[in-house]
Amino acid sequence: MWPVIEVGAFALAALVIAVAGVYMTRVADTLADRTKLGEAVVGGILLGAATSLSGVVTSVSAAIDGLAPLAVSNAVGGICVQTVFLVVADLTYRRANLEHAAADEKNMLQAALLVLLLGIALAGYVTPQLTAWALHPASFLLIGAYIFGVRTNVALQARPSWKPKQTSETQPDEPEEDAMQEALIPLALKFAGLAAVLAGAGYVVAKTGAAISEDFGISQTVVGALLTATATSLPELVTTITAVRRGALQLAVGGIVGGNTFDVLFLTISDVAYRDGSIYAAMGSRDALLLVAGIVMTAILLMGLILRDRKGIGFEGVSILAVYAAVIALQIYLG
């Protein structure tokens, strides 16, 4: 495949991902009201998983082809760039700080879960490479921790132990009457169809991203962290900004944090697809650096959700941008 065709196919797939993401946000917002699960739960679980499908396909395709660094860096690099997208969304919401206005205990729980999952993944890299059926124990732990987190989040929606303080800048999650009239099955089918479109576009991104890495002599980790991770994260960017513009602030934050928690599971799925041993054994120090960056950025976000600066992007926004700029500069420096 000629480089020009590769770049063109990559750009077209990225455009498809962006357009599908806009429509998916509208459907997810309606589903949150129609099912009465709320924006934070639907954003953190359903929307987060669906917008991550293109990334799943990218990482799994790379792992099947034996491109472990691309599979890992696409997954973890996506977590980092999606956290930055939340800062971008914060800049578009002029009324108040987004983390303040979207205060929700379920999003805070989801962020804590994300720190746990990233810590397990990092442990998989630094601990002895023991395997069962060519899978590292960390892969099993990630699945167990994720299921526990999802169950806990749904339970918290039904029986909240406490609520963040409501202020004049807080945007409550209130269902729209029109959404309650929507038929549930057609909504679910529409959501599933858009998810399938994202998955197909993600496959194109994976194949063209790997070809671009080879043709231009760029490190797989750099391509994964900068190129494919950003392209497959476009649904999160589009859905987050669209949700903010619709006033669905809990959906915006939940979609990012929930998508990030689901993205960690890319490592388990990639571990299954990578047949040359444990994918954690194939990781390098630059991949571990991305895991550390993901932990630090998420911890800063969680602090922002707790402290709730009222105006601007807050200390968390500035700090997240600084950490991301530093880790990308290090990745480029290391080649």
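Here, the structure is the one placed above.
Source: prediction; values computed, not measured.

A. Summary view of a nonpolar patch on the surface. Residues Leu12, Leu15, Val16, Val19, Tyr23 and Val197 make up a contiguous nonpolar surface patch of about 530 Å² in total accessible area. Inspection of the secondary structure puts Tyr23 in helix α1 (residues 3-35).

B. Representation of the packing of aromatic side chains within the structure. Taken as a whole and judged by the stated rule, the model has two aromatic pairs. Each ring, one from Tyr146 and one from Phe262, has its centre 6.1 Å from the other, and the planes form 70°; the classification is edge-to-face. With Tyr146 in helix α7 (residues 137-158) and Phe262 in helix α12 (residues 249-273), this pair connects stretches of sequence that are 116 residues apart. The same class applies to Tyr146 as to Phe262, namely buried. On the basis of an interplanar angle of 85° and a centroid distance of 6.4 Å, the ring pair of Phe262 and Phe266 is categorised as edge-to-face. A residue pair is termed a helical-turn pair when its members lie 3 or 4 positions apart in one helix, as Phe262 and Phe266 do in helix α12 at four residues. Grouping residues by exposure puts Phe262 and Phe266 together as buried. Put simply, the rings of Tyr146, Phe262 and Phe266 touch in pairs and so form one group of aromatic residues.

C. Seen up close, the environment of Val84. In this structure, Val84 sits in helix α4 (residues 68-92). A sequence separation of 213 residues divides Val84 from Met297, and the C-alpha atoms of the two residues are 8.8 Å apart. For Val84, the residues in contact, after removing those within four places along its chain, are Met297, Ile320, Leu321 and Tyr324.

Calculation notes
- Residues numbered from 1 in each chain as written.
- Predicted model: local features only at pLDDT ≥ 70, side-chain atom pairs only at ≥ 80, totals over all residues.
- Heavy atoms only, no water.
- Patch = residues over 30% accessible without salt bridge, like charges linked within 9 Å, V, L, I, M, F, W, Y side chains within 5 Å.
- Areas by Shrake-Rupley, 256 points an atom, 1.4 Å probe, with all protein chains shown as cover.
- Salt bridge = Lys/Arg side-chain N within 4 Å of Asp/Glu carboxyl O.
- Helix = DSSP H or I, 4+ residues; strand = E, 2+ residues; numbered from the N terminus.
- Phe/Tyr/Trp six-rings, centres within 6.5 Å; stacked < 30°, edge-to-face > 60°.
- Buried < 20%, exposed > 50% of the residue type's maximum accessible area, 1.4 Å probe, protein only.
- Contact = heavy atoms within 4.5 Å.

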